[in-house]
Amino acid sequence: MAYFTWKETGLTADCASLEAMAARFEEAAALMRRMASEGFVLERHSDGQHITHGDAAVFEAYGFINEESPERQLDLIA
């Protein structure tokens, strides 16, 4: 029987069916569209893609963890 292996696991690891996987992707897409409409942007860097927002309060309101180094975070405050 023909098959392929699904390698993505972070978003769909707990899904029991293709329908559940589709629903999970649709939920993620809706969140990404809402974030884009509220000013989040995707930036490409040498270490990967970063999702950023110019307003720290909006970023924190979503509950995201700031992955910048502590030194860089202090530079932004000062």
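Placed above this text is the structure.
Our subject in this report is the structure included herewith.

## Considerations on the pattern of salt bridges
Scanning the model with the defined rule gives 2 salt bridges in all. With a closest N to O distance of 2.9 Å, Asp-14 and Arg-24 form a salt bridge. Taken as a pair, Asp-14 in the segment before α1 (18–37) and Arg-24 in helix α1 lie far apart in primary sequence, 10 residues in all. Note on Asp-14: relative accessible area 57%, which makes it exposed.

## Some remarks on the layout of surface pockets
Considered as a void within the structure, the second largest pocket measures approximately 150 Å³ in volume. In terms of lining residues, the second largest pocket is bounded by Met-32, Met-35, Ala-36, Phe-40, Val-41, Leu-42, Gln-49 and Ile-51. Of all elements in the fold, only α1, β1 (41–45) and β2 (48–52) reach the threshold of two or more residues within the lining of the second largest pocket.

## Comments concerning the packing of aromatic side chains
Tallying each qualifying case throughout the model produces 5 aromatic pairs. Each ring, one from Phe-40 and one from Phe-64, has its centre 5.8 Å from the other, and the planes form 90°; the classification is edge-to-face. Highlighted residues: Phe-40 in the loop between α1 and β1 and Phe-64 in the loop between α2 (56–61) and α3 (70–77), separated in sequence by 24 residues. Residue Phe-40 is classed as buried on the basis of its relative accessible area of 7%. Aromatic pair Tyr-62 and Phe-64: ring centres 5.6 Å apart, planes at 10°, arrangement stacked. Cluster of aromatic residues (ring-pair linked, three or more members): Phe-40, Phe-59, Tyr-62 and Phe-64.

About the criteria used
Residues numbered from 1 in each chain as written. Predicted model: local features only at pLDDT ≥ 70, side-chain atom pairs only at ≥ 80, totals over all residues. Heavy atoms only, no water. Salt bridge = Lys/Arg side-chain N within 4 Å of Asp/Glu carboxyl O. Helix = DSSP H or I, 4+ residues; strand = E, 2+ residues; numbered from the N terminus. Buried < 20%, exposed > 50% of the residue type's maximum accessible area, 1.4 Å probe, protein only. 1 Å grid on protein atoms, 1.4 Å probe; cavity = no way out; pocket = protein on both sides within 12 Å on 5 of 7 lines; lining within 4 Å. Points joined across faces, edges and corners; volume = space filled by probe spheres on them. Phe/Tyr/Trp six-rings, centres within 6.5 Å; stacked < 30°, edge-to-face > 60°.

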